[in-house]
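Architecture and fold: a report
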Amino acid sequence: MLTFTHLTLPAPRLTLRPLHPDDAPAVYAMHADPVTLRYWSTPPWADPKLADELISRDMQAMAEGDYLRLGLQRQSDGRLIGLCTLFAFYLPSRRCEIGYILAREHWGQGYMHEALDALLDYGFAVLNLNRVEADIDPRNEGSQRTLARLGFVQEGHLRERWIVAGEVSDTHLYGLLRRDWLARRADAGAAPGGAAPQQG
Ligand SMILES: CC(C)(COP(=O)(O)OP(=O)(O)OC[C@H]1O[C@@H](n2cnc3c(N)ncnc32)[C@H](O)[C@@H]1OP(=O)(O)O)[C@@H](O)C(=O)NCCC(=O)NCCS
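My aim in this report is to walk through the structure given alongside it, one point at a time. Once a new chain begins, its residue numbering starts again from 1 and follows that chain's sequence as written. Predicted model: local features are reported for residues with pLDDT of at least 70 only, side-chain atom pairs are reported and counted for 80 or more only, and whole-chain, interface and lining totals are derived from all residues. Only heavy atoms go into the side-chain values, all of them from the structure, while hydrogens and water stay out.

**Some words on the overall build of the protein chain**
Cut-off, in case you're wondering: Elements are defined by DSSP. Helices are runs of H or I of four residues or more, strands are runs of E of two residues or more, and each kind is numbered from the N terminus. With the radius of gyration taken over C-alpha atoms, the globule rule is written as 2.2 Å times the number of residues to the power 0.38. Partly exposed describes any residue whose relative accessible area lies between the buried limit of under 20% and the exposed limit of over 50%, with all areas from a 1.4 Å probe on protein chains only and scaled to the type maximum. Note on areas: Shrake-Rupley, 1.4 Å probe, and residue coverage restricted to the protein chains presented here. Only four residue types enter the charge count, namely Lys and Arg as positive and Asp and Glu as negative; His and the chain termini do not. Positions of charges follow a simple convention, taking NZ of Lys, CZ of Arg, CG of Asp or CD of Glu.
The helix and strand inventory of the protein chain stands at five helices and eight strands. In sequence order, the protein chain lays out its α and β elements as β-β-α-α-β-β-β-α-β-α-β-β-α. Here the C-alpha atoms of the protein chain give a radius of gyration of 16 Å, agreeing with the 16 Å that 2.2 N^0.38 yields for 200 residues. On the principal axes, the C-alpha backbone points of the protein chain span a range of 45 × 40 × 35 Å. Counting over 200 residues, the protein chain shows a buried share of 44%. Split by element, the accessible area of the protein chain, about 10100 Å² in all, is 53% carbon and sulfur. Side chains of the protein chain give 21 positive and 25 negative charges; the mean places of these two sets differ by 4 Å.

If you want it as structure tokens, here you go:
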């Protein structure tokens, strides 16, 4: 059975690793910020218990391989600054979705690019995915830039896909194919799976 409980992935300035109960304050703080959650699928959090619940859910789901969520731990100071997730696996078609969040004070420094680069390498090289999808709010320009830099292509516009706290919003659906990722890796002169995952 696939299990992600002990998975860590290296990135230049980060270590990607599963969450543990001590991460609850950092997880809560990023989800309680209304600017960070502006285009999220839920309203900003108002109860710190939601972080404990997310971490408990993760521990079980990661053990069972249901989804893969890793925290972005900054190497320089050990701080947990964000999260990235591969979820909604549909393995007969070797596809899943990707999600990500970074605490606002760390935006604009390339951290999420590093994290998703390592996560996607793992997804394509180790999990043998063929396609990764991202569902984002068309108004989320920062997220669009993050996806475009990684080679994602906007493939669709889905109308009124979300209703969050009474606000109706559309989706821009982005896709990244395995062959696009391999071509990007070849152009960059790096082999896929360059990040050395550690799985106990
Ligand atoms: C979307 C989000 C994850 C982007 O995080 P980020 O770390 O700023 O994203 P990137 O790693 O792609 O950052 C690249 C930015 O840093 C800059 N940068 C600075 N140093 C860099 C470096 N060494 N390498 C790469 N980019 C660097 C880039 O120029 C770029 O700036 P730009 O966005 O103004 O073009 C973050 O804004 C966020 O969490 N938003 C709220 C949650 C959200 O909307 N999530 C997505 C929902 S699906």
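**Looking at the side chain of R17**
Put simply, the rule is: Counted as a polar contact is a pair of N or O atoms within 3.5 Å, where, for protein atoms, one must be capable of donating a hydrogen and the other of accepting one, and residues adjacent in sequence contribute only when both atoms are in side chains. In what follows, residue pairs with any heavy atoms lying within 4.5 Å of each other are defined as contacts.
Along the chain, R17 falls in strand β2 (residues 14-17). For R17, a relative accessible area of 10% puts it in the buried group. One polar contact links R17 to D23, side chain to side chain, over a distance of 2.8 Å. Only 2.5 Å separates the side chain of R17 from the side chain of Q73, close enough to count as a polar contact. Not counting chain neighbours up to four residues away, the residues in contact with R17 comprise L7, T8, D23, L70, G71, Q73 and L80.

**Some details on the sheet that holds strand β5 (residues 95-102)**
Two modes of strand pairing occur in sheets, parallel and antiparallel, and in both the strands are linked by backbone hydrogen bonds. The line we're drawing: Here, a strand pair is defined by DSSP locating no fewer than two bridges between the strands.
With mixed pairing, the eight strands of this open sheet are ordered in space as β1-β2-β3-β4-β5-β6-β8-β7. Both edges of this open sheet fall to β1 (9-10) and β7 (153-164), since each of them pairs with a single strand only. Of the pairings in the sheet, the one linking strand β4 (residues 80-90) to β5 comprises seven bridges and is antiparallel in character. If you follow T85 over to β5, its bridge partner there is G99.

**Observations concerning helix α1 (residues 24-32)**
Structurally, the α-helix is built with 3.6 residues per turn, so residues lying three or four positions apart point the same way. To keep it simple, the criterion reads: Think of it as the arc spanned by the lines of direction from the helix axis to the C-beta atoms.
All of the buried residues along α1 are A24, V27, Y28, M30 and H31. Looking straight down α1, one finds its buried side chains confined to an arc of 165°; they lie on one side. Buried residues along α1 sit against α2 (49-64), β4 and β5.

**Quick notes on the site of the ligand**
Under the convention used in this document: Only heavy atoms are used to decide nearness, and a residue is near a molecule or strand if one of them lies within 4 Å of it. For this classification, the nonpolar set comprises Ala, Val, Leu, Ile, Met, Phe, Trp, Tyr, Cys and Pro, the charged set comprises Asp, Glu, Lys and Arg, and every other residue, Gly included, is treated as polar.
Of all residues adjacent to the ligand, which total 18 residues, the nearest are L102, G108, H113, N140 and R149. A distance of 2.7 Å is found between an oxygen atom of the ligand and a backbone nitrogen or oxygen belonging to H113. In this structure, R145 approaches the ligand through a side-chain N or O atom, which is 3.0 Å from an oxygen atom. Contact with the protein chains hides 72% of the accessible area of the ligand, taken as 960 Å² for the molecule alone. Broken down by secondary-structure element, the contributors of at least two residues to the shell around the ligand are β5, α3 (111-126) and α4 (141-149). If you tally residues by element for the shell around the ligand, the top one is α4, at four residues. Of the residues contributing to the shell around the ligand, the split by class is eight nonpolar, eight polar and two charged.

Such coordinate-based values are descriptive only and should not be taken to indicate function.
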